[in-house]
Amino acid sequence: MRAAVLPRSGQPIVIEQLELGPPGPGEIRVRMLASGVCHSDLHVRDGEWERPGPIVMGHEGAGVVEALGSGVDPVASGLTVGRLVALSWVVPCGVCRSCLAGRSWACAESPSFRHGQDGDGRTRAQRPDGTDVLAYLGIGTMSEAQVVEAAAAIPMPAGTPAEVAALIGCCVATGVGAVTKTADVPAGASVAVIGLGGVGLSVVMGARLAGAGRIVAVDRVAAKLDLARELGATDTVLVGADGTMTAATLRAITSGGPDFAFEAIGRPATVELAIDVLPPGGTAVLIGMTPQGERAGFDVYRFVDGGRRILGSNYGSAVAAIDFPRYAELHLAGRLPVERLIDRRIGLDDVEAAFSRLRQGRGLRSVVVF
Ligand code: APR
Ligand code: ZN
Ligand code: ZN
């Protein structure tokens, strides 16, 4: 199989021909149909997040079931050969503190974080010379095929486009879930969305689904504002060099500040903006992830005095088996126009170019199609 391999964090992607083994117990083999290019892949590619290598990149994918390993019951799991599945980048361990508390999206012991290594430290994919190659978050979707844990593969409702299923696997679950699950935004609330990539635009769609009143979309790229409006934003703010100005503008539009401010970039300055712009009682929902080790600050007196809140939202609090099919049904019902996030269909060879566009904030979601 051909796959986009990152030799190690900080180096360019190399397209390699790998040998993929059969699915082991509890695993399935998936033939990939689509993989989105998400900013989290770029964090790893650029070394902002340190991950082991060599590793097949990609964590936003969908494909069809090709083969089942032993112990995978096609009836109980819905994983029949030929079935379209969206892949989840967290398989809950089921026994850690977060899993036991019903917050499986915060599972710290997930086997997904072994990046496809089994108990013996081996992987399912090898180079021709026999070197093991990891799979990012256990699904390494920038590859013609993968062997994944059966629990990572979520059967999708009939008629779901593969590209849509792929995006549900990361940016849609992350953005829509941040609104509807993590923050549980009530109808009529005012919402600001800072950063309009695949994640931020999914927040806009989620805010519309939730019946938010004002939805103010913020980005430094004008073209993103137009699409945000089409997806439900009632107002838009183009960020210039002066962040203070943005806070004042946001407060003016939302009569004193938004009830909820979503940060979907992952920069200390915009994290601080999301907290700073809140009115008393307001909630900042932090989705964007910074390079590892970065810190942000806020005015503690003012924050506490006004009873404000900060929520970290990982994966939109997704429980994949329940939420992915739900998002697909909403798409099929015309209420979640996920396809609007896609502006380019590319081949594996174009992944590095897609990373360049993402670095510059140009374009929307690039999707690798196989
Ligand atoms: N002010 C306003 N907008 C900005 C700024 C800024 N200072 N810097 C970047 N942006 C905008 C970009 O123009 C782009 O539209 O933020 C958006 C970021 O989108 P993408 O790069 O497409 O990222 P996405 O895949 O949506 O992920 C966003 O969520 O899960 C995390 O790791 C992920 O940190 C990343 C974030
Ligand atoms: Zn992602
Ligand atoms: Zn767990």
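Higher on the page you've got the structure.
Structural notes, computed from the coordinates. (Residues numbered from 1 in each chain as written. Chains lettered and ligands numbered in written order. Predicted model: local features only at pLDDT ≥ 70, side-chain atom pairs only at ≥ 80, totals over all residues. Heavy atoms only, no water.)

Details of the side chain of His331
Residue placement: His331 occurs in helix 10 (residues 320–332). Looking at His331, its side chain comes within polar contact range of the main-chain oxygen of Leu336, at 3.0 Å. Residues contacting His331, with those up to four places away along its chain left out, are Pro161, Val164, Leu336, Pro337, Val338 and Glu339. (Helix = DSSP H or I, 4+ residues; strand = E, 2+ residues; numbered from the N terminus. Polar contact = N/O pair within 3.5 Å; in protein donor to acceptor, adjacent residues only side chain to side chain. Contact = heavy atoms within 4.5 Å.)

Things to note about the pattern of salt bridges
Summed over all chains, the structure comprises 18 salt bridges. A salt bridge links Asp349 to Arg2; the shortest N-O distance between them is 3.0 Å. Of this pair, Asp349 sits in the loop between strand 18 (342–346) and helix 11 (351–359) while Arg2 sits in strand 1 (residues 2–6), placing them 347 residues apart in sequence. Notably, a salt bridge pairs Asp46 with Arg45, separated by 3.4 Å at the nearest N-O pair. Judged by relative accessible area, Asp46 falls into the partly exposed class, the value being 28%. Here the salt bridges share partners, and the residues they tie into one network are Arg45, Asp46, Glu352 and Arg359. (Salt bridge = Lys/Arg side-chain N within 4 Å of Asp/Glu carboxyl O. Buried < 20%, exposed > 50% of the residue type's maximum accessible area, 1.4 Å probe, protein only.)

Some remarks on the site of ligand 1
Inspection of the region around ligand 1 gives 23 residues, with His39, Ser40, Asp219, Ile265 and Arg365 positioned closest. In this structure, Gly197 approaches ligand 1 through a main-chain N or O atom, which is 3.5 Å from an oxygen atom. Here Met289 contributes a backbone N or O atom positioned 3.0 Å from an oxygen atom of ligand 1. Contact with the protein chains covers 93% of the free accessible surface of ligand 1, which is 730 Å². Of all elements in the fold, only helix 1 (39–45) and helix 5 (198–209) reach the threshold of two or more residues within the shell around ligand 1. Across the shell around ligand 1, the residue classes tally to ten nonpolar, eight polar and five charged. Here the shell around ligand 1 spans two domains, since at least three of its residues come from each of domain 1 (2–170 + 317–369) and domain 2 (184–312). (Near = heavy atom within 4 Å. Areas by Shrake-Rupley, 256 points an atom, 1.4 Å probe, with all protein chains shown as cover. Nonpolar A, V, L, I, M, F, W, Y, C, P; charged D, E, K, R; others polar. Domains from an automatic or database assignment.)

Focus: the coordination of the zinc ion (ligand 3)
Surrounding the zinc ion (ligand 3) are the protein donor atoms Cys93 (SG), Cys96 (SG), Cys99 (SG) and Cys107 (SG), at 2.3 to 2.4 Å. Considering all four donor atoms around the zinc ion (ligand 3), angles at the metal cover 103 to 118° and the coordination shape is tetrahedral. Counting along the primary sequence, the residues that act as donors to the zinc ion (ligand 3) give the motif C-x2-C-x2-C-x7-C. Of the two residues, Cys93 is situated in the loop between strand 7 (84–87) and helix 3 (97–100) and Cys107 in the loop between helix 3 and strand 8 (125–126); the sequence distance between them amounts to 14 residues. For Cys93, a relative accessible area of 24% translates into the label partly exposed. (Donors = N, O, S within 2.8 Å, 3.2 Å for Na, K, Ca; no water. Tetrahedral: all angles 85-135°; square planar, octahedral: opposite > 155°, others 65-115°.)

A word on the pairing of strand 13 (residues 215–219)
Of all five residues that make up strand 13, five are buried, and the element is covered over most of its length. Judged by which residues are buried, strand 13 turns out to be covered on both faces: Ile215, Ala217 and Asp219 on one side and Val216 and Val218 on the other are all buried. Bridge count between strand 12 (residues 191–194) and strand 13: four bridges; the pairing is parallel. The residue bridging Val193 from the neighbouring strand is Ala217, located in strand 13. (Pairing = 2+ DSSP bridges.)

So, the coordination of the zinc ion (ligand 2)
Protein-derived coordination of the zinc ion (ligand 2) comes from Cys38 (SG), His59 (NE2) and Cys170 (SG), at a distance range of 2.0 to 2.2 Å. Residue Cys38 is classed as buried on the basis of its relative accessible area, which comes to 3%.

Regarding the packing of aromatic side chains
One pass over the structure, following the stated rule, counts three aromatic pairs. Between Trp89 and Tyr315, the aromatic rings sit 3.8 Å apart at their centres with planes inclined by 0°, giving stacked as the arrangement. Separated by 226 residues along the polypeptide, Trp89 in the loop between strand 7 and helix 3 and Tyr315 in the loop between strand 17 (309–312) and helix 10 bring together distant segments of the chain. The class for Trp89 is buried, based on a relative accessible area of 11%. According to the relative accessible area criterion, Tyr315 is buried, its value standing at 2%. Members of the aromatic cluster, joined through ring pairs, are Trp89, Tyr315 and Phe324. (Phe/Tyr/Trp six-rings, centres within 6.5 Å; stacked < 30°, edge-to-face > 60°.)

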